[in-house]
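Now for the letters of each chain:
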Amino acid sequence: MKSPPRSVRALPRPLLRPLSATRRFLTNEAAGGIVLMAAAGAALVVANSPLAQTYHDVLHIYLGPLSLMHWINDGLMVVFFLLVGLEIKREGLDGRLRTWPDRVLPGLAAAAGMAVPALVYLAFNAGQPSARGWAIPAATDIAFALGVLALLGSRVPISLKIFLSAVAIVDDLGAVVIIALFYTGQLDATMLAASAGMLAVLFALNRLGVRALLPYLLAGLVLWVFVLRSGVHATVAGVLLALFVPIRPSPGRPEDTTSPLHRLEHALAPWVAFLIVPIFGFANAGVTLLGLPARALIEPVTLGVALGLFLGKQIGIFASVRLAAALGLVTRPAGATWVQVYGVALLCGIGFTMSLFIGALAFTDGLHETETKLGVLGGSLLSALFGAVLLARAAPREATPRQEAGAGSAGLP
């Protein structure tokens, strides 16, 4: 057999392994973020063109029991949440969040990065019915953020990309909990009992050692129907299903083809990144700006969402990391300067997908929906621009060999 080139033979053994699930997923999501940007831009163009009425009418066409918009938000997005759940489980059991020290830095950053934006929103909306939207600026859109990082290339250390991904994973978990607890409608006890029965079926499959994915997916489909009719938001079914998909721990071998969770995650990632999330973005980002009064830009909901994302995220994440580092609880990501950490904190203010999703749950009237979209688009755009400019101009910090090794294995020293 032909031997590898000298340059390849000289590489450390860990670098000769195939791309890990995390690296491949990060690559897909970075590219997917660029596709999502294009989809959002197309939605804005269509919503402000002669096709605007057709755009809105098509989204409200009923296909069976649900409108097209509901099929997208309550159906397709279940797959997105399934992938989120798989990623959370994998990272928690077999990835970069498997030990408590690994969880401290992204956990603190994500917690503060959700709390401060919510407080900023409530500063504008406390005591009003619109206060229901407090969670809208609390989420980070990893696809968009990684898409911006991808455009910056090698200017950003890999440790910061991993840090951003870890924060977004914890952030997604928090968003799922918020949706389940605070954005649930009137509950149907019968459907809840049926949902619990399907969870018992999934638990039995897991305990019996069933490794084939088809039984889990079929049970998950039935679970989705029951959850949809129970009053709990249907997308929670995707995360619940993910909890029962078996995983075979494979330290150092993340491409293990015998692990059902790894196989399902790899199968879903491209579809979610390049199809499902862009469809969601196109369906939900279309806001008609023509004829919109200028006052809409300074309404409490608009300001609360925009400033919650732009100011709340950067303050919450950067301040928590800086304080934790000063107290000796964590160390700065390997090879990164504090300016670069601040730049990534800015990018965390891109809250497109999950923010629009929570906004659709919080408000059903057209006025608040429009204000939410304006705030999400404005806050995300400001975060992306300022974060990208800061990271592009930030002087890189030369990493030591030890730090480079840390970035290659765990991302955090």
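- Where an unreviewed UniProt entry is consulted, the protein chain appears under the name Na(+)/H(+) antiporter NhaA, with the organism given as Methylorubrum aminovorans.
- The record in UniProt for the protein chain states the following under Catalytic activity (unreviewed entry): "Na(+)(in) + 2 H(+)(out) = Na(+)(out) + 2 H(+)(in)".
- In UniProt, the protein chain has this text filed under Sequence similarities (unreviewed entry): "Belongs to the NhaA Na(+)/H(+) (TC 2.A.33) antiporter family."

### Quick look at helix 14 (residues 338–347)
- Counting buried positions over the ten residues of helix 14 gives eight, a clear majority of the element.
- Residues of helix 14 that are buried include every one of Trp338, Gln340, Val341, Gly343, Val344, Ala345, Leu346 and Leu347, and no others.

### What about the environment of Asp188?
- Here Asp188 shows up in the loop between helix 8 (158–182) and helix 9 (189–207).
- Judged by its relative accessible area of 31%, Asp188 falls in the partly exposed class.
- In the structure, Asp188 is positioned 43 residues away from Gly231 in sequence and 6.2 Å away in space, judged by C-alpha atoms.
- A polar atom in the side chain of Asp188 sits 3.0 Å from the backbone nitrogen of Thr190.

### Observations concerning the side chain of Ser130
- Mapped onto the elements, Ser130 comes out in the loop between helix 6 (100–125) and helix 7 (142–152).
- With residues near it in sequence (within four places) discarded, Ser130 still touches Tyr121, Asn125, Val301, Phe363 and His368.

### So, the packing of aromatic side chains
- If you walk through the whole model with that rule in mind, you get nine aromatic pairs.
- With centroids separated by 5.3 Å and ring planes inclined at 85 degrees, the aromatic side chains of Trp134 and Phe182 adopt a geometry described as edge-to-face. On the criterion of sequence distance, the pair formed by Trp134 in the loop between helix 6 and helix 7 and Phe182 in helix 8 is long-range, its members being 48 residues apart.
- When the ring centre of Trp338 is taken as origin, the NZ or CZ atom of Arg322, which lies over that ring, is 4.4 Å away.

Reading guide: rules and limits
- Residues numbered from 1 in each chain as written.
- Predicted model: local features only at pLDDT ≥ 70, side-chain atom pairs only at ≥ 80, totals over all residues.
- Heavy atoms only, no water.
- UniProt positions renumbered as here; feature names shortened; annotations may be inferred.
- Buried < 20%, exposed > 50% of the residue type's maximum accessible area, 1.4 Å probe, protein only.
- Helix = DSSP H or I, 4+ residues; strand = E, 2+ residues; numbered from the N terminus.
- Polar contact = N/O pair within 3.5 Å; in protein donor to acceptor, adjacent residues only side chain to side chain.
- Contact = heavy atoms within 4.5 Å.
- Phe/Tyr/Trp six-rings, centres within 6.5 Å; stacked < 30°, edge-to-face > 60°.
- Lys NZ or Arg CZ within 6 Å of the ring centre and 35° of its normal.

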